[in-house]
Amino acid sequence: MSDSRPIRVGIVGTGIFAQRHLRAYRAVGQHRFEIVACCNRTRSKAEAFAKDAGIPESAIYTNWEDLIKDENVELVDALLPVQFNLQVVKAAVVANKHILIEKPIAHSVEDAREIVRVAQQAKSIVAVAENWSYHPLARAVARYVHAGHIGEVGDAHMSVQIVNFMYNSTRPYNPNSPYHQTAWRQNPEHVGGYLSDGGVHDMAHLVPILGKFASVTGFATERHKIHAVQDTLAFAVQLENNVVGTMNMTFCSAGVKAQRLEVFGTQGTVRLMNDDTVQVLDAQGSEVSGDVVKAFLEDTEGFSDVEGELFNIYNVIRHKATLGVTVEEAFHHFAVIASAVKSTVSNNIIQIPTVN
């Protein structure tokens, strides 16, 4: 029997993105989520957030371990620098609390692998906040491709006859961005800094459409010191189905923010621009209506992005739905970018690490 009560949420970390999550929780509905506690090591910051969220003074914490122990908290929303993800996941699982951690899944492949192991043995839900996994049109493109519409479907593993793919992702350089002001981004412990922090977003679109990545090799440059590490990355890819393609990512464009994926199949082509525009070409290269893809849209009650993520988590916890992105998938997303960054140093082809 499903439980219709709102999920009681404790938010750890009341910085920039906590306000974004607060808006999303409210949009998804108070009948689904109730914010009951918060934590920040600086009490004044926790108190300011608590005032906005309507959290009582008795549920304001400066130690996240105390918040996890709060019997009124059912779901821990941990908005922490990712090097703390493994520690907070272990504590939440021991306390039998559901937990949502920030992306990328961890700061290293080793910690990411351990988070997957802990999650696989947990009785509670462990989820990774990869909100691009909840862009409905990208998910519809994946279903369209795997239904065989740009190439015949192969064996039981749903191997689709993709010929080649190209992906370009650009984010603008903006030294005044509030995200640049966070210390953990100015001195990143996670592999690749912005490249993995933002790159897992791109992977959330690509992997469901293309399939898993097998190996990568690439080049990178560092343009702006504020990024602390390399901020432009280009790499070649071989997928597990032996398809090859290319990816180009930068955080240094002059005011341009755009993503473009082109997937070429034996019987057609599909182009996904950003998360809101799709173009389909038939076997002769003629454009056909994008409505053929939109027919594969799921009913998400209009929720997408962060709101879609929380809507999914609610249904996972209360109605036994399936996570939109599993910890195993989040591991793979991070491992691909980490491997691409590694290849730029070694000048070698890097095989993508696996969970086991």
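By the naming in an unreviewed UniProt entry, the protein is Gfo/Idh/MocA-like oxidoreductase N-terminal domain-containing protein, taken from Syncephalastrum racemosum.

A.B. asks: Now, about the nonpolar core: what can you tell me, with residues and values included?
C.D. replies: Grouped together as the largest cluster of nonpolar side chains are 113 residues, with contacts concentrated most on Ile105, Phe213, Phe235 and Met247. In terms of residue count, helix H11 (residues 327-346) provides more of this core than any other element does, ten residues in total. Inspection of this core shows a minimum of three residues originating in each of domain 1 (7-132) and domain 2 (136-299 + 324-351). For methionine 247, the residues in contact, after removing those within four places along its chain, are Phe165, Tyr167, Met203, Leu206, Phe213, Leu233, Ala234, Phe235 and Val237.

A.B. asks: Give a detailed account of the sheet that holds strand S3 (residues 60-61), specifying residues and quantitative values.
C.D. replies: Strand order across the open sheet formed by six strands is S3-S2-S1-S4-S5-S6, with parallel pairing between neighbours. Across the chains shown, the open sheet's two edge strands, defined by having one partner strand only, are S3 and strand S6 (126-129). Of the strand pairs in this sheet, strand S5 (residues 98-102) and S6 are connected by four bridges, and their pairing is parallel. Bridge assignment links glutamate 102 to a residue of S6, and that residue is alanine 129.

A.B. asks: Just give me the short version of the pattern of salt bridges, but keep the residues and values in it.
C.D. replies: Tallied over the full model, the rule gives 14 salt bridges. Salt-bridge contacts for glutamate 74 lead to arginine 8; the nearest nitrogen and oxygen are separated by 3.7 Å. Of this pair, glutamate 74 sits in the loop between helix H3 (64-69) and strand S4 (75-78) while arginine 8 sits in strand S1 (residues 7-12); the two residues are 66 residues apart in sequence, bridging distant segments of the chain. Using a relative accessible area of 13% as the deciding quantity, one classes glutamate 74 as buried. Across the pair glutamate 298 and arginine 143 runs a salt bridge, and its minimum N-O distance is 3.6 Å. Here glutamate 298 is found in the loop between helix H9 (291-294) and helix H10 (305-319), whereas its partner arginine 143 is found in helix H6 (residues 136-146), with 155 residues between them in sequence. Judged by its relative accessible area of 27%, arginine 143 falls in the partly exposed class.

A.B. asks: Go over the packing of helix H5 (residues 109-121) against H11, please, and point to the residues and values.
C.D. replies: The geometry of H5 relative to H11 is characterised by a closest axis approach of 10 Å and an angle of 175° between their N-to-C directions. When the interaxial angle is binned, H5 and H11 end up roughly antiparallel. Facing Val109, Ala112, Arg113, Val116, Ala119 and Gln120 of H5, the residues of H11 in contact are Val327, Glu328, Phe331, Phe334 and Ala338. For the contact of H5 with H11, a count of residues per class yields eight nonpolar, one polar and two charged.

A.B. asks: Summarise the UniProt feature "domain: Gfo/Idh/MocA-like oxidoreductase N-terminal" (unreviewed entry) in the protein; cite the residues concerned and give the values.
C.D. replies: Feature annotation in UniProt assigns "domain: Gfo/Idh/MocA-like oxidoreductase N-terminal" (unreviewed entry) to the following positions: residues 7-129. Helix makes up 43% of residues 7-129 and strand 23%. Its end C-alpha atoms lie 17 Å apart.

A.B. asks: I'd like a rundown of the packing of aromatic side chains, residues and numbers included.
C.D. replies: This model, assessed by the stated rule, comprises six aromatic pairs. Here tyrosine 144 and phenylalanine 296 contribute two aromatic rings whose centre-to-centre distance is 5.8 Å and whose plane-to-plane angle is 80°, an arrangement assigned as edge-to-face. Taken together, the positions of tyrosine 144 in helix H6 and phenylalanine 296 in the loop between H9 and H10 put the pair 152 residues apart, joining distant regions of the chain. Its relative accessible area of 6% is what places tyrosine 144 among the buried residues. Ring plane angle 55° and centroid distance 6.4 Å describe the contact between phenylalanine 165 and phenylalanine 213, whose orientation is recorded as tilted. Taken together, the positions of phenylalanine 165 in strand S7 (residues 162-172) and phenylalanine 213 in strand S8 (residues 213-221) put the pair 48 residues apart, joining distant regions of the chain. Take phenylalanine 165: its relative accessible area is 0%, and that puts it in the buried class. Here the aromatic residues Tyr25, Phe33 and Tyr314 are joined through ring pairs into a cluster of three or more. Looking at arginine 32, its charged tip hangs above the ring of tyrosine 314, at a distance of 5.7 Å from the centre.

A.B. asks: Quick one: what's the story with the sheet that holds strand S12 (residues 269-273), residue by residue and with numbers?
C.D. replies: With mixed pairing, the nine strands of this open sheet are ordered in space as S14-S13-S12-S11-S7-S10-S9-S8-S15. The sheet terminates laterally at strand S14 (287-288) and strand S15 (350-351), the two strands that pair on one side only. In this sheet, S12 lies alongside strand S11 (residues 258-265) in antiparallel orientation, the contact comprising five bridges. Bridging from a neighbouring strand, valine 263 pairs with valine 270 of S12. Each of S7, S8, strand S9 (232-239), strand S10 (244-253), S11 and S12 touches helix H8 (residues 194-210); the most contacted strand, S7, lies at about 150° to it. Against the sheet, H11 touches S8, S9, S10 and S15, its axis set at about 50° to S8.

Rules of the game
Within each chain, residue numbers correspond to sequence positions counted from 1 in written order. Owing to the predicted nature of the model, reporting of local features is limited to residues with pLDDT of at least 70; listing and counting of side-chain atom pairs is limited to 80 or more, with chain, interface and lining totals taken over all residues. Side-chain metrics rest on all non-hydrogen atoms present in the structure, leaving aside hydrogens and water. Take the buried residues of types Ala, Val, Leu, Ile, Met, Phe, Trp, Tyr and Cys, join any two whose side-chain atoms come within 4.5 Å, and each joined set is a nonpolar core. The buried label goes to any residue with under 20% of its type's maximum accessible area, the exposed label to any with over 50%, and the partly exposed label to all in between, with areas taken from a 1.4 Å probe on protein chains only. Going along the chain from the N terminus, every DSSP run of H or I of four or more residues is numbered as a helix, and every run of E of two or more is numbered as a strand. As annotated, the domain borders come from an automatic or database domain assignment. Whether two residues are in contact is decided by their heavy atoms: any pair within 4.5 Å suffices. Pairing between two strands requires that DSSP report at least two bridges joining them. Salt bridge, as used here: a side-chain nitrogen of Lys or Arg that lies within 4 Å of a carboxyl oxygen of Asp or Glu. In this description, a line fitted to the C-alpha atoms serves as the axis of each element, helices being fitted only across the stretch in contact, and the angle between N-to-C directions of two axes falls anywhere from 0 to 180 degrees. Any angle between 65 and 115 degrees counts as roughly perpendicular, while under 35 counts as roughly parallel, over 145 as roughly antiparallel, and the rest as oblique. Classification used: nonpolar for Ala, Val, Leu, Ile, Met, Phe, Trp, Tyr, Cys and Pro, charged for Asp, Glu, Lys and Arg, polar for all others including Gly. UniProt positions are given in the numbering used here, feature names are shortened, and annotations may be inferred rather than shown by experiment. Between the rings of Phe, Tyr and Trp (Trp by its six-membered ring), a pair exists once the centres lie within 6.5 Å; its type follows the angle of the planes, with under 30 degrees stacked, over 60 edge-to-face, and the other angles tilted. Ring-over charges, as used throughout, are those where CZ of Arg or NZ of Lys falls within 6 Å of the ring centre and within 35 degrees of the ring normal.

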